[in-house]
Each structure stands twice: as structure tokens, then as C-alpha cells.
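Working through the structure, step by step
Chain by chain, the residues:
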Amino acid sequence: MSIRRGTEEPSLRVAVVGAGPAGFFTADALLRAPDVACSIDVFDRLPTPYGLVREGVAPDHASIKKVTTKFDRIAAEPNVRYFGNVTFGLDINRAELLRHYHQVVYATGAQSDRRLGIPGEELDGSHPATEFVAWYNGHPDFADRSFDLSHERAIVVGNGNVAVDVARILVTDPDVLAVTDIADHALDALRGSQVQEVVMLGRRGPAQGKFTNVELKELGRLSGVHVVVDEADLELDPASAAEAERSRVATRNLEILRELAGRGPAGSGRSLVLRFLASPVEILGNDGRVRALRVERNRLVETAGGYMRSEGSGEFSTLDAGLVLRSVGYRGVPLPEVPFDSDRHLIPNEAGRVRDGPGGPVVPGEFVAGWIKRGPSGVIGTNKPDAVETVAAMLDEVTGGDAREPASPDPSAIVALLESRGVRYVTFDDWRKLDEFETMRGDEQGRPRVKIVQVERMLEIMGR
Ligand code: NAP
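Residues numbered from 1 in each chain as written. Predicted model: local features only at pLDDT ≥ 70, side-chain atom pairs only at ≥ 80, totals over all residues. Heavy atoms only, no water.

If you check the shell around the ligand, you find 22 residues, and the closest are N161, R203, R204, E215 and G378. N161 places a side-chain nitrogen or oxygen 3.0 Å from an oxygen atom of the ligand. For the ligand, whose unbound accessible area comes to 920 Å², protein coverage reaches 85%. With 3 residues, helix α6 (residues 161–171) is the single largest residue contributor to the shell around the ligand. (Near = heavy atom within 4 Å. Polar contact = N/O pair within 3.5 Å; in protein donor to acceptor, adjacent residues only side chain to side chain. Areas by Shrake-Rupley, 256 points an atom, 1.4 Å probe, with all protein chains shown as cover. Helix = DSSP H or I, 4+ residues; strand = E, 2+ residues; numbered from the N terminus.)

Here you go:
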């Protein structure tokens with residue numbers, strides 16, 4: 001197969017499923033590949049592109065969202081097309097993509113959440129933090145959710161950056177959020193919030209927090225918010241002290257926590273309490289609603305591999321609360337007909353090449369990138385080297401002469417297929433119309449944008 005740059009028509013046809021950071025960085029790495037000319041179609045189930053940059057990054061973290069400028073440049077490349085509002089497995093399936101493309105890359109992220117596995121998890125008022133995030137970011141699937149903010153205490157379980165995000169949003173002055181692109185419904189609800197104290201629970205110690213320095217430090221800068229850290233929690237056992245010494249992030253986190261612990265007593269305003277060595281064991285309810293969380297104090301035990309594991313001490317306490325946000329990690333979900341590792345919740349792969357089951361043979365023509373490849377870890381930029389690795393595997397397949405020949409590679413065939421099914425797909429130019437509409441409404445209010453949160457309304461504005 002000839003896939004040389006400089007030939008009249010690009011000859012390697014690639015479908016990327018998922019228009020988040022992993023999908024865009026994959027497209028970028030493909031476009032940069034020397035000697036290979038390809039045309040790339042990026043599919044997303046939502047009309048809007050950017051994945052977690054739009055639906056996950058906190059509204060008060062506008063600078064992180066600037067990466068969309070790069071994604072826009074990639075989407076504007078003549079050999080890149082965007083097909084939004086196309087659901088894989090519903091509007092188009094695996095066999096069809098393989099019929100139309102030499103290679104398919106799954107970059108669908110991790111669309112569900114991990115569970116705590118404790119009684120009471122299903123009570124009203126107990127939610128995955130990922131849903132709270134999607135709600136305040138205006139994800140259409142979560143726009144009609146409601147979160148009970150009428151109780152004075154809310155609890156966030158977990159010590160990662162998502163826990164920090166949701167805790168920060170709960171305690172931040174709504175006037176500060178009002179100049180961001182937070183969804184209007186969330187801003188309204190947060191304006192009426194009665195929450196005065198947010199407790200963030202880490203099952204392990206401060207040396208094992210998964211949050212990063214900038215995010216932790218930011219908590220100490222929130223106006224009108226008192227961050228409470230118990231100095232006794234910062235006295236480390238020898239193994240944790242040694243672990244922290246080996247990690248610059250942990251060392252700096254501990255410095256920040258010591259500074260926070262040394263601050264004076266709370267004035268008026270909201271409190272954010274960081275508690276460590278505490279595991280939720282049961283969510284208690286009244287009439288089906290959350291009323292409290294039962295917590296067990298933990299101690300740390302060093303495993304043979306040097307990992308510091310938490311272990312219950314048998315000492316329990318109860319914290320009243322009306323809202324429990326479980327922020328213990330995202331979880332990948334299977335894609336119809338695509339191999340899946342249901343223990344690790346990802347698509348089994350070898351450096352980006354899909355395997356037919358864990359440990360199984362490599363499947364020609366199918367690749368993965370991002371969280372569905374490696375699990376839900378790392379920041380947006382982590383997806384760049386991850387995509388470069390996947391694209392290297394894709395190019396190896398091509399240069400090794402192993403690329404499949406799809407039955408119907410004509411770029412117009414996919415359009416004809418979607419149209420024959422009446423799929424209301426949107427192009428990047430359509431998205432630009434919505435982008436312009438949202439930013440124009442944002443300009444009127446001194447905000448980056450005002451998000452449209454219903455798919456039908458989005459399509460209407462896009463003229464589809
Ligand atoms: P994460 O970093 O993996 O943190 C998950 C947290 O949940 C950990 O503290 C973990 O504790 C805890 N946990 C897991 N199971 C638990 C259980 N059964 N009981 C109590 N606690 C439990 O995941 P994340 O916060 O969802 O973030 C996902 C990725 O997105 C991360 O890489 C994160 O850095 C990134 N992110 C970045 C930003 C940013 O850059 N601003 C913002 C949001 C997210 P253990 O450590 O004990 O397992």
C-alpha cells in the first residue's frame with residue numbers, strides 16, 4: 001500500500017472514536033508523521049468536541065481549557081473531519097468502521113465511576129463525584145440532575161484532583177464562579193447552597209494524597225474559606241516519611257499542608273476540612289436520603305512491595321451530612337463488540353494495539369489511546385506522549401506491510417451511510433456556530449461562554 005506524503009490523495013484512512021484530548025492528540029501525532037499521508041475522521045457521541053476539557057475540567061480552571069486552541073487547529077487541517085452527535089455502537093458500529101477505514105482508534109475515555117462497595121451507596125444524596133462534575137460543567141446527560149445542598153455539611157470521599165475540584169466548587173463563593181463557564185443550572189443551585197462545611201476524606205495519609213501541588217495550594221487561596229488540617233495528621237510514620245522523601249510531589253504537598261495546619265482559627269465563612277486515615281464504611285439514611293457517614297479510622301501498613309495500604313483500626317465515628325460525593329476514580333466502560341478487560345476496565349492492548357482479550361493476540365487495524373488504553377490517570381498533557389506511542393504502533397503496522405485494506409475506503413461512503421440512517425451528525429463548522437453563540441452570550445455577561453446544555457438546542461443553533 002502506498003501511503004507516502006506528496007501523493008495527490010491521502011491514502012491512509014483513520015477513524016478516531018472520541019473527540020477528547022486523547023483523540024485530538026492522536027490526530028495530531030498522525031498528521032505529524034513523516035512519510036505518511038492520512039485522512040482522519042473524528043467521531044464523538046456529543047455534538048460538542050473536546051471531551052473532558054469541556055465536560056471535566058473545572059470551570060474556574062480556564063487556563064487548562066486553552067488547549068482547545070490547539071485542538072481547533074488540528075480540526076481545521078484539510079484532512080481532518082469531525083462527526084459529532086454520532087454514537088459508536090448505535091449510529092455506527094465496529095464492523096462498519098473497519099469496512100471504511102484502514103485503522104480505527106478508540107479514545108473514549110472512562111465514562112463511569114468506581115464504587116466504594118459500602119452499604120448506603122445508593123441512597124439519595126450519595127453520588128459519584130464524576131456526575132457532580134458533569135453536572136456543573138453542563139454535560140447534556142447530567143444537566144437535569146439535582147444535588148441536595150440544603151444540609152450544612154457535605155462529604156467528599158477521596159484524595160485525588162477530582163475530589164479537590166468538587167470540594168473547591170462546593171466552598172467557592174458563587175460570585176467567583178459566576179464569571180466562569182459553569183453551567184447556569186449549577187450556578188443557580190450553588191447560589192442557594194446551605195453547605196458551610198465540606199469534609200474531604202483520605203483513606204490513607206497526607207503523604208499518599210493523589211492530589212498535585214498546584215491544586216492543593218489553590219485550596220489555601222480561596223477567599224473566605226478556612227482550610228482545616230489537623231497537625232497531628234501530619235506526623236508521619238517512618239515508612240510514610242521515607243515514601244514522601246522519594247517523591248517531590250508528596251514532599252511539597254506536605255509543606256503545603258503544614259502551612260495550612262499552622263493558620264489561625266476560622267473566621268466566618270465556609271470551612272474545608274481535610275481528614276486523613278479515614279474510610280467510609282456505611283452511608284446512613286433516613287427515608288432513603290443520606291443523613292450521615294460512618295467512618296473508620298485507619299492505620300497504614302507497608303506491603304512487601306513497599307506500598308502503604310490502609311487498614312481499619314476498629315475505631316468508628318459518625319459525621320452528619322446531606323451530600324456524599326464519592327470521588328474514588330473514573331472507570332472505563334466497554335464499547336459494543338470491542339474487546340474489553342473487565343478486571344481493569346479498559347481495552348486490552350499492547351502499547352496501543354488492541355488485543356483480542358487480556359493477553360490475547362493483537363487485532364489488526366484497531367488501536368486505543370487515553371484513559372480507555374491506560375486507565376484514568378494523569379493530566380490532559382499525559383495524553384500527548386500516550387497518543388505518540390499509539391501512533392508509533394499504527395505506523396509500524398503500515399510500514400510493516402500489515403495494514404488491512406478496508407472494503408470501502410472512499411471518504412464519501414461514511415457520509416452516505418450516516419445520511420442513509422438519518423443520523424444528525426454535525427461538522428466542525430457546525431460546532432463553530434454553537435461556539436460563537438455560546439461565547440457571544442458569554443461576552444454579554446462577562447464570562448468565557450454560556451453553555452448550552454441540551455443536545456436538541458445545540459442542534460437547533462447549529463442548524464442541523
Ligand atoms: P485519582 O487521582 O486516582 O484519586 C482517587 C482517590 O480515591 C485516591 O485518593 C484513592 O485513594 C481514593 N480511593 C480509591 N478507592 C477508595 C476507597 N474505596 N475508599 C476511599 N478512597 C478511595 O482519581 P481522580 O481524582 O478521579 O482523578 C483522575 C485523574 O484525573 C488523575 O490523574 C487526576 O490527577 C486527573 N485530574 C487532574 C486535574 C487537574 O490537573 N487539575 C483535575 C481533575 C483530575 P488511594 O490513593 O488510597 O487509592
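From this point on, the discussion continues.
Here we take up the environment of D343. Looking at where D343 falls in the secondary structure, it is placed in the loop between β15 (330–331) and β16 (349–350). A relative accessible area of 70% places D343 in the exposed class. Between the C-alpha atoms of D343 and P358, which are 15 residues apart in sequence, the distance is 9.4 Å. (Buried < 20%, exposed > 50% of the residue type's maximum accessible area, 1.4 Å probe, protein only.)

Per the counting criterion, the structure on display carries 15 aromatic pairs. Here F83 and Y425 contribute two aromatic rings whose centre-to-centre distance is 5.4 Å and whose plane-to-plane angle is 55°, an arrangement assigned as tilted. In this pair, F83 sits in strand β3 (residues 80–83) while Y425 sits in the loop between α14 (411–420) and α15 (428–445), placing the two residues 342 residues apart along the sequence. Each member of the pair, F83 as well as Y425, is classed as buried. A cation over a ring is seen here: R294 above F316, with NZ or CZ 4.3 Å from the ring centre. The positively charged end of R464 is found above the aromatic ring belonging to Y425, 5.0 Å away from the centroid. (Phe/Tyr/Trp six-rings, centres within 6.5 Å; stacked < 30°, edge-to-face > 60°. Lys NZ or Arg CZ within 6 Å of the ring centre and 35° of its normal.)

Moving on: the environment of D410. Among the structural elements, D410 can be located in the loop between α13 (383–399) and α14. Separated by 383 residues in sequence, D410 and A27 place their C-alpha atoms 19 Å apart. Reaching out from D410, the side chain makes a polar contact with the backbone nitrogen of S412 at a distance of 2.9 Å.

Time to look at the domain arrangement of the chain. The extent of an interface is frequently quoted as the accessible surface area lost upon association of the parts. Here the chain is described as being made up of domain 1 (12–111 + 332–425) and domain 2 (113–330). Using only C-alpha atoms to locate each centre, domain 1 and domain 2 end up separated by 33 Å. The partner domain 2 presents 17 residues to the 16 residues of domain 1 that form the contact. With both sides pooled, the region where domain 1 packs onto domain 2 buries about 1400 Å², and carbon together with sulfur makes up 52% of that total. Among the residues domain 1 hides against domain 2, the three largest losses belong to E55, P59 and D60. Together they make up 39% of the total. One can count 3 salt bridges joining domain 1 with domain 2. The closest approach of N and O atoms between R45 and D141, which form a salt bridge, is 2.9 Å. Joining domain 1 to domain 2, the criterion identifies 8 residue pairs in polar contact (both at pLDDT 80 or more). Split into classes, the residues belonging to the side of domain 1 that touches domain 2 amount to 8 nonpolar, 3 polar and 5 charged. (Domains from an automatic or database assignment. Contact = heavy atoms within 4.5 Å. Buried area = accessible area lost by both parts, 1.4 Å probe. Salt bridge = Lys/Arg side-chain N within 4 Å of Asp/Glu carboxyl O. Nonpolar A, V, L, I, M, F, W, Y, C, P; charged D, E, K, R; others polar.)

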